[in-house]
Amino acid sequence: MNALTTFSIWAQRNRWIWAAIGVLLLWLVLSVVTNRFSLSSLSGIMLSASFLTIVGIGQMFVVTTGRGNIDLSVASVITLSAFVALLTIKGQDANLAIGVAAAILLGLAVGVLNSLLVVGLGIPAIIATLATGYVLATATLLSNRAIPGFAVSPALKTLASGRVSGVPIMAIIAILGVAATSLVLRYTVFGQLLSAVGQNRAAARLAAIRNGRVIAAAFIISSVLASLNGLLLGAYIGGAFLEMGQPYLLQSIAAVVLGGTLIFGGSATAVGTLFASILLILIVTTMQIIGLPPGAQDIVQGIVVIFVLALAGRQAMVRRSAADPTGNNDAATAQTAARQS
């Protein structure tokens, strides 16, 4: 077995490597083209990518449940959470605990609502979460009218934009979150149940796994992380504005799939989501350096997402068919997870 074959086999198990290679290559190209790119500039990229990583991790849990599940409400959750933070914290550190609690409660409420629509009523996730997003958009408009000002808590501002030895605090938070998520996916019962449900719901049901609970947990995690991200993002930019969470809708999906999480569900990689988030921010930065207008930037990002989704979907189908055409592997995975639960 030659080195290329060995690497190919290893890369199939560690799909995050392609996003990591993309980050390295694009960063090197930008470093050659302009003198503005160095390790210090990369830390700035990491800061921006940290916010995307937090949302991406939540989106990753939903995608892993399979059947094309995607949470389209994250953008509205981010925006509304930023407004709720301004209304509750009012720029005072003394109210910070109340603001964090409000953000968590908002995420829990939205997650439960999405779960009821998807699991309880059987509405497709794309339609259900899109409808939830419209409801939240209305709540955001009402919150916008009630905003007295844009004062930001100093402690929260430090957390969102501060640095420790030149390293953004948000980057540290994102990395710790990725590490914790990787441990959950690989070593906990919930992680195995999530993979089993995503691979084959019928087999998981036969193995006595409660699919609804697993799917509901994924949507709740996604909404809570999006809400906390909105809290931090609002502190970083110094306020809130309508549609501030919109860029994270398309980018969070792209980060998940580009990072190596299977779009058909059943297999996720938090490390890949981190590297893909950095890569997407680098792509946006490159387009800004070139001078592309915002509309053209959206088109390029849309093309990248479509290409990645098409490629990921094709590879996932081939991989599943080659692994076990009868689906026995899925059943075995589900039964193992059920025994450990």
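Each remark here, short or long, concerns the structure printed above.
A quick note: this is a predicted structure, and the numbers were derived from the prediction, not measured.

Undergrad: Hey, could you run me through a nonpolar patch on the surface in this one?
TA: Taken together, the side chains of Phe7, Trp10, Trp18, Ile21 and Leu25 present a nonpolar region at the surface, about 480 Å² in accessible area. Going through the elements one at a time, helix H1 (3–13) and helix H2 (16–33) are the ones with two or more residues in the nonpolar patch. Considering each element in turn, the nonpolar patch owes the most residues, three residues, to H2.

Undergrad: Before we go on, may I ask you to explain the side chain of serine 153 in this structure?
TA: The residue serine 153 is located in the loop between helix H6 (125–146) and helix H7 (154–161) in this model. In this structure the side chain of serine 153 is engaged in a polar contact, spanning 2.4 Å, whose partner is the side chain of aspartate 93. Leave out the neighbours within four places in its chain, and serine 153 touches Ile89, Gly91, Gln92, Asp93 and Leu96.

Undergrad: It is not clear to me how the environment of valine 84 should be interpreted in this structure. Could you clarify?
TA: Among the secondary structure elements, valine 84 is positioned in helix H4 (residues 74–89). Here valine 84 is in contact with Ala102 and Leu106, once residues within four sequence places are set aside.

Undergrad: What should I look at first to understand helix H12 (residues 247–258) in this one?
TA: Along an α-helix, residues three or four apart share an orientation, since each turn contains 3.6 residues. Taking 1.5 Å of rise per residue, twelve residues should cover 16 Å, and H12 covers 16 Å from first to last C-alpha, within 8% of that figure. The buried count for H12 comes to nine of twelve residues, which makes it a mostly enclosed element. Taken together, the buried positions of H12 are occupied by Tyr248, Leu249, Gln251, Ser252, Ile253, Ala254, Ala255, Val256 and Val257. Following H12 by one or two positions, glycine 260 has its phi on the positive side, about 115 degrees.

Undergrad: Looking at this model, I keep getting lost on helix H8 (residues 169–187). Mind explaining?
TA: A rise of 1.5 Å per residue sets the reference length of H8, with its 19 residues, at 27 Å; its end C-alpha atoms lie 27 Å apart and thus fit the reference within 8%. Three or more residues of H8 are buried, namely Ile169, Met170, Ala171, Ala174, Val178, Thr181 and Leu185.

Undergrad: Sorry, what's going on with the packing of H8 against helix H9 (residues 189–199) here?
TA: In a packed pair of helices, the relevant descriptors are the angle between the two axes and the axis-to-axis distance. Where H8 meets H9, the closest approach of the two axes is 5 Å, and the angle between their N-to-C directions is 70 degrees. Relative to H9, the element H8 is oriented roughly perpendicular. Note that H8 runs across H9; the crossing there is right-handed. Seen from H8, the contacting residues are Val184, Leu185, Arg186 and Tyr187; seen from H9, they are Val189, Phe190, Gly191, Gln192 and Leu194. Considered class by class, the residues forming the contact of H8 with H9 number six nonpolar, two polar and one charged.

Definitions and cut-offs
- Residues numbered from 1 in each chain as written.
- Predicted model: local features only at pLDDT ≥ 70, side-chain atom pairs only at ≥ 80, totals over all residues.
- Heavy atoms only, no water.
- Patch = residues over 30% accessible without salt bridge, like charges linked within 9 Å, V, L, I, M, F, W, Y side chains within 5 Å.
- Areas by Shrake-Rupley, 256 points an atom, 1.4 Å probe, with all protein chains shown as cover.
- Salt bridge = Lys/Arg side-chain N within 4 Å of Asp/Glu carboxyl O.
- Helix = DSSP H or I, 4+ residues; strand = E, 2+ residues; numbered from the N terminus.
- Polar contact = N/O pair within 3.5 Å; in protein donor to acceptor, adjacent residues only side chain to side chain.
- Contact = heavy atoms within 4.5 Å.
- Expected span 1.5 Å × (residues − 1).
- Buried < 20%, exposed > 50% of the residue type's maximum accessible area, 1.4 Å probe, protein only.
- Axes fitted to C-alpha atoms, helices over the stretch in contact; angles between N-to-C directions.
- Parallel < 35°, antiparallel > 145°, perpendicular 65-115°, else oblique.
- Left-handed = near helix turned anticlockwise from the far one by under 90°.
- Nonpolar A, V, L, I, M, F, W, Y, C, P; charged D, E, K, R; others polar.

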